[in-house]
Amino acid sequence: SLSFVKEVANAFMPSFLPILTKRGKEKFSESERKWQIFRRGRYLEFNLLYDRGVRFGLTGGARGESIMVSAPPLVGWKYTPTYDDQSNLSSDQKRLLFILKNPVDWAALEDNGGR
């Protein structure tokens, strides 16, 4: 409902600004930038292959530009990603891969009193 959307919108900035303030000026390496571009490519790949709304738009005659406007501005693909070999990944990158490969069904978890 509209009230829910308004609540989410009103909660976003107070939640996001502290993160931006803390992390906004952090430096990153060329390796981390390549990793980000690769992950963006995987995000776009998922959207194009599995998102029902995107697939409907692509097969239903919608303008491709209208669909692709939600894509990240810069993406990358590798046929055989070097990220399969985790020996040269940072601990943060390894942790992200673990989370992505082991999803949690948060809705099925029992309520533990907000903890």
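Placed above this text is the structure.
Source: prediction; values computed, not measured.

Cut-off values and rules
- Residues numbered from 1 in each chain as written.
- Predicted model: local features only at pLDDT ≥ 70, side-chain atom pairs only at ≥ 80, totals over all residues.
- Heavy atoms only, no water.
- Helix = DSSP H or I, 4+ residues; strand = E, 2+ residues; numbered from the N terminus.
- Expected span 1.5 Å × (residues − 1).
- Bend = angle between axes of the 7 residues up to and from the residue.
- Buried < 20%, exposed > 50% of the residue type's maximum accessible area, 1.4 Å probe, protein only.
- Contact = heavy atoms within 4.5 Å.
- Phe/Tyr/Trp six-rings, centres within 6.5 Å; stacked < 30°, edge-to-face > 60°.
- Lys NZ or Arg CZ within 6 Å of the ring centre and 35° of its normal.

Some details on helix H1 (residues 2-23)
Line of reasoning, step 1. Spanning 22 residues, H1 covers 32 Å between terminal C-alpha atoms, matching the ideal 32 Å at 1.5 Å per step.
Line of reasoning, step 2. Of all the bends in H1, the largest measures some 25 degrees and sits at phenylalanine 12, one to four residues before the proline proline 14.

Some points on the side chain of glutamine 93
Line of reasoning, step 1. Along the polypeptide, glutamine 93 turns up in helix H5 (residues 91-101).
Line of reasoning, step 2. You can call glutamine 93 buried: its relative accessible area is 5%.
Line of reasoning, step 3. Glutamine 93 has contacts with Ser31, Glu32 and Trp35, leaving out every residue within four places of it along the chain.

Remarks on the packing of aromatic side chains
Line of reasoning, step 1. Per the counting criterion, the structure on display carries three aromatic pairs.
Line of reasoning, step 2. Ring centres of phenylalanine 12 and phenylalanine 16 lie 5.3 Å apart, and the angle between their planes is 10 degrees; on these two criteria the pair is classed as stacked. Here phenylalanine 16 and phenylalanine 12 lie together in helix H1, a separation of four residues that amounts to about one turn.
Line of reasoning, step 3. For phenylalanine 12, a relative accessible area of 46% translates into the label partly exposed.
Line of reasoning, step 4. Ring plane angle 40 degrees and centroid distance 6.3 Å describe the contact between tryptophan 35 and phenylalanine 38, whose orientation is recorded as tilted. Separated by three residues within a single helix, tryptophan 35 and phenylalanine 38 lie in helix H2 (residues 30-50), roughly one turn from each other.
Line of reasoning, step 5. The side chain of arginine 39 reaches across the aromatic face of tryptophan 35, ending 5.6 Å from its centre.

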